Amino acid sequence: MIPKNIRRLLPQVQKPARYTGGEVNAVMKDLAAIDVRIALAFPDTYEVGMSHLGLKILYKVVNDIPYAYAERVFAPWVDMGGLMQTEGVPLFSLETYSPLHDFDMIGVTLQYEMSYTNILYMLDLAQIPFLTHQRTESDPLIIAGGPCAFNAEPLAEMLDAVALGEGEEVTQEIVSVLLERKLQKLSRQETLQRLALVPGVYVPSLYSPEYNGDDTLKALQSISIGTSNVVKKRILSKLTADYIPTAPVVPYTDIVHDRIMIEIFRGCARGCRFCQAGMIYRPVREYSSQIVLEAAEESIKNTGYEEVSLSSLSTMDYSSIETTLPMLVDKLSCQGVNVSLPSLRVDSFSVEMAAQVARLRKSGLTLAPEAGSQRLRDVINKQVSAEDLLQALRGARRLGFKSAKLYFMIGLPTETIADLDEMVDLVTQAAGIMPVTVSTSSFVPKPHTPFQWEPQFSMYELETRQRYLKERFRRDRRVKYNYHDASTSFLEAIFSRGDRRLSKVLLEAYKRGCKFDGWSEHFKFKAWMDAFAECGLDPTFYANRVREEDEVFPWDHLSPGLDKSYLYNERAAALKAEWTVDCAREHCPSCGVCPNLGVQTFTEKERR
Amino acid sequence: MRVWLKFARDDSLAFISHLDTHKAYYRMFRRAALPLAYSQGFNPHPIMSLAAPLPLGFMSNADYLDLVLAEDTPPEDITQRLLTVSGHENLTLQGIRVITTKVPALAALIAWGEYDITIRPGFNVTEAIEAFEGAREVPFVKETKRGTRDADAKTLVRSIVATEHGLRAILSLAEPVVFRPEELVKVLSHFSSSEIAIELVVRQELYVRGDRLDHPLHCGL
């Protein structure tokens, strides 16, 4: 039963089903038999968090351990958050409605820089101190993971520990340290020391920064004996069926991706130079098609879902997609289940494969050429030509698609107005085939990519380019043009490559009312800029500065296995507009990941 | 083959819309691998309907579904499959009845709903109920999206008794005037010294049209 103090709030808020729990496949355990309690906290709404595959995986991994119990908690929408504060109801988990304070650990995922203030919001609602050094023995440990963990420095003062890379194994090891803590009555500090010895775990408070006179980082050194100066990510060397969440929680209310997600591979070796996911999730490892088919069937049986989507960084690159996709569609269509594909490569092969999937025809076609000119596509190593795009669209028209969405970035390194003009030409040609919606986002340089040394264009410059494109597309009625807000991209650029001095800014921004920054209706740019001023930090230092080749970065010690020299050479190749090949298909360009992590690329085709 | 099914749902399903409730039942039937019948057409949907939508926030021990199956399936078999999947769920099968296709849609037959209404501690409804029972006529203005309509609350209440935590009442669910538990409590407030606040409403039963109070699985249809 939902406790009365919570139940009373529900009729007063939007979408109360976000807070009621009790969904199908939610795991219920007897708390008396549990030694380690973990709250998996997703710092965004229920609908966003429940759509996240990583949460489903970790929920299964922890709940498969008999003595441990993972529960879920999401950021309450502002109406509910406000009521909880005025009524004194602390943030609670959805399985047992326990206050977060009762847990041994709060696991937070760092998916997106603009959700950082929501972590503070959730801690605030949970009545847990914001900063690590303020927390006492009775407070839960706050441990983060996810892609942004590869530069967790802006949250260094808030996070007790950070897990790098794939979470399946390291989470189990963290759980056993928490069990040791309970059995041996370890203090908080002793527990953190032990966690720091787990491979892939970073404890920010055990490292101390030193800065140069120009505000760049001089060094970030371990100050604890036995703790490594570089923390390497964890990775599964082979993908088996062991951790696939085939009985995920089925929500009662609509969520963003309300379907089964079946992962088909991890990593992507295409080597697009702007793409952080392509760099930090290496190398490519595929699930066997047999595992994929079995997991899909089992998941449908356990959930009753009517749709399965194949998930990966680039679904069409699955080496046996040509045989697996038709088998899957055949098997599922007789059960009334649709298959959907989230990402399509820009070529006619992809479009033909996609045509087998009836669902897609309704949803329309989305392609991402990323850059408008051939020169710029060479710079970012997106090996797609204008002809590839036009052929894909012609094929799509034959197959019955009526319109397409095209995604581009603006503000890529070396971009000039000539590149934008070429984008306009390309879009005009595309619009001759079918009506198109063009969306541009502003490029955000990310850590652990070849562009980590590059400045982001100034907000003024980005907005000028948005206006230019708007003007150029205005007269063409076959083209609809959208663009992302440049000020949001500016903040992303600051926090993606920030250092631990930004912890202060985050706290200050939260105090000024910033939360749900990823939701445009809640984004308060002025409050952010005021927070920077208050802390005496210059945001352009982080976003708009060219870094020196040998600059020490705040994320150098958080390693996805890439050699920094590889990234720098890739940057040099980019500036010369030279391509680099894909190691899953051609030879190895020596990024360093396989030797550094002791793993290798593994595809289904090779196995045969 | 057509069946009527009765379910109880607990409070984790109390705050979802009618549409989402429908989806929850649909997915449950799919997990139970019932041979659902689908409508013809470009966008086939299962032939099932949920009688008497439950207002947001209410619990229910009496959800009735009118369901068509594509194959004849013994009722014991349907029960077995539903109990297997619903063992750990918040929708629990209470009963099943095979029904001929000639009988009108279940939703059109429902006339009364019975509710357990828990009142917030500190309120007393006994006196208000007595006063309501004693009155010859209790004017009530029903507000709907289409406008207002004058009615006599006495004709909309089939029975009303005080309970330990509040009251239990059988209220009209049929046109022209549907009488909701909140509306009843508001009317009762007129007979009380202060506004009465509801803690919880649980729908206990639905009854079909006719002189006798019969629930759908027992009525003479």
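Calculation notes
- Residues numbered from 1 in each chain as written.
- Chains lettered and ligands numbered in written order.
- Predicted model: local features only at pLDDT ≥ 70, side-chain atom pairs only at ≥ 80, totals over all residues.
- Heavy atoms only, no water.
- Pairing = 2+ DSSP bridges.
- Helix = DSSP H or I, 4+ residues; strand = E, 2+ residues; numbered from the N terminus.
- Axes fitted to C-alpha atoms, helices over the stretch in contact; angles between N-to-C directions.
- Contact = heavy atoms within 4.5 Å.
- Disulfide = S-S within 2.5 Å.
- Buried < 20%, exposed > 50% of the residue type's maximum accessible area, 1.4 Å probe, protein only.
- Salt bridge = Lys/Arg side-chain N within 4 Å of Asp/Glu carboxyl O.
- Buried area = accessible area lost by both parts, 1.4 Å probe.
- Polar contact = N/O pair within 3.5 Å; in protein donor to acceptor, adjacent residues only side chain to side chain.
- Nonpolar A, V, L, I, M, F, W, Y, C, P; charged D, E, K, R; others polar.
- Domains from an automatic or database assignment.

Some thoughts on the pairing of strand E8 (residues 157-162) of chain B
The side chains of a regular strand alternate, first on one face of the sheet and then on the other.
Residues and elements named next belong to chain B.
Okay, so step 1: Of the strand pairs in this sheet, E8 and strand E9 (residues 166-172) are connected by five bridges, and their pairing is antiparallel. Within E9, the residue paired with Ser159 across the bridge is Ile170.
Okay, so step 2: Between E8 and E9, which pair antiparallel one after the other, the connecting turn spans three residues.

Brief notes about the sheet that holds strand E10 (residues 260-263) of chain A
Within a sheet, neighbouring strands are paired by backbone hydrogen bonds and run either parallel or antiparallel to one another.
Residue and element names in this part refer to chain A.
Okay, so step 1: Spatial ordering of the open sheet is given by E10-E13-E14, a layout of three strands whose pairing is parallel. The two strands at the open ends of the sheet, each matched to only one other strand, are E10 and strand E14 (338-340). The sheet shows a mean angle of 30° between the axes of neighbouring strands, taken without regard to direction.
Okay, so step 2: With four bridges joining them, E10 and strand E13 (residues 307-311) adopt parallel strand pairing. What sits directly across from Glu263, in E13, is Ser311.

Some words on the sheet that holds strand E16 (residues 404-410) of chain A
Residues and elements named next belong to chain A.
Okay, so step 1: In space, the four strands of this open sheet follow the order E15-E16-E17-E18, with parallel pairing throughout. For this open sheet the edge positions go to strand E15 (365-370) and strand E18 (479-483), each flanked by a neighbour on one side alone. Neighbour-to-neighbour, the strand axes of this sheet turn through a mean angle of 20°, independent of strand direction.
Okay, so step 2: Bridge analysis of E15 against E16 gives four bridges, and the strand direction is parallel. Residue Thr366 lies in a different strand from E16, and its bridge partner there is Lys405.
Okay, so step 3: Sheet strands in contact with helix H16 (residues 459-474) are E16, strand E17 (436-442) and E18, and its direction is about 170° off that of E18.

Details of the state of the cysteines
By definition, a disulfide links the sulfur atoms of two cysteine residues through a covalent bond.
Residues and elements named next belong to chain A.
Okay, so step 1: All chains considered together, the criterion is met by zero disulfides over all chains.
Okay, so step 2: Just so you know, Cys148 is unpaired, no disulfide at all, and the nearest cysteine sulfur is the one on Cys275, 13 Å from it.
Okay, so step 3: With no disulfide of its own, Cys275 has Cys272 as its nearest cysteine by sulfur position, at a separation of 6.2 Å.
Okay, so step 4: Cys275 gets classed as partly exposed once you look at its relative accessible area, which sits at 24%.

Concerning the pattern of salt bridges
Residue and element names in this part refer to chain A.
Okay, so step 1: Overall, the coordinates contain 62 salt bridges over all chains when judged by the stated rule.
Okay, so step 2: Glu454 is the salt-bridge partner of Arg571, the closest N and O atoms lying 2.8 Å from each other. With a gap of 117 residues between them, Arg571 in helix H21 (residues 564-575) and Glu454 in the loop between E17 and H16 connect regions that are remote in the sequence.
Okay, so step 3: Among the residues examined, Arg571 registers a relative accessible area of 10% and is labelled buried.
Okay, so step 4: Note on Glu454: relative accessible area 10%, which makes it buried.
Okay, so step 5: A salt bridge links Asp499 to Arg501, with the shortest nitrogen-to-oxygen separation between them at 2.7 Å.
Okay, so step 6: Assessed through its relative accessible area of 15%, Arg501 is described here as buried.

Examining the interface of chain B and chain A
Okay, so step 1: Tallying the contact residues gives 23 residues for chain B and 32 residues for chain A.
Okay, so step 2: For the pair chain B and chain A, the summed buried surface comes to about 2,200 Å²; carbon and sulfur atoms form 51% of the total.
Okay, so step 3: Where chain B meets chain A, there are six salt bridges.
Okay, so step 4: One salt bridge connects Asp11(B) with Arg7(A), and the closest N-O pair in it is separated by 3.9 Å.
Okay, so step 5: Counting every contact that joins chain B to chain A gives 12 residue pairs in polar contact (both at pLDDT 80 or more).
Okay, so step 6: Every element with two or more residues in the side of chain B that touches chain A is listed here: helix H1 (18-31) and strand E10 (198-208) of chain B.
Okay, so step 7: In terms of residues, the side of chain B that touches chain A owes the most to one element, H1(B), which gives seven residues.
Okay, so step 8: When grouped by side-chain class, the residues that make up the side of chain B that touches chain A number nine nonpolar, five polar and nine charged.

Points about the domain arrangement of chain B
Residue and element names in this part refer to chain B.
Okay, so step 1: As assigned here, chain B comprises domain 1 (2-101) and domain 2 (109-208).
Okay, so step 2: In this structure, domain 1 and domain 2 have C-alpha centres spaced 28 Å apart.
Okay, so step 3: Residue-level contacts link 14 residues of domain 1 with 14 residues of domain 2.
Okay, so step 4: Here domain 1 meets domain 2 over a buried area of about 1,100 Å², counting both sides, of which 60% is carbon and sulfur.
Okay, so step 5: Three residues stand out in domain 1 for area buried against domain 2, namely Ala52, Phe58 and Met59, and they jointly supply 41% of the buried area on that side.
Okay, so step 6: Linking domain 1 with domain 2 are two salt bridges, by the criterion used here.
Okay, so step 7: Summed over the shared surface of domain 1 and domain 2, the result is nine residue pairs in polar contact (both at pLDDT 80 or more).

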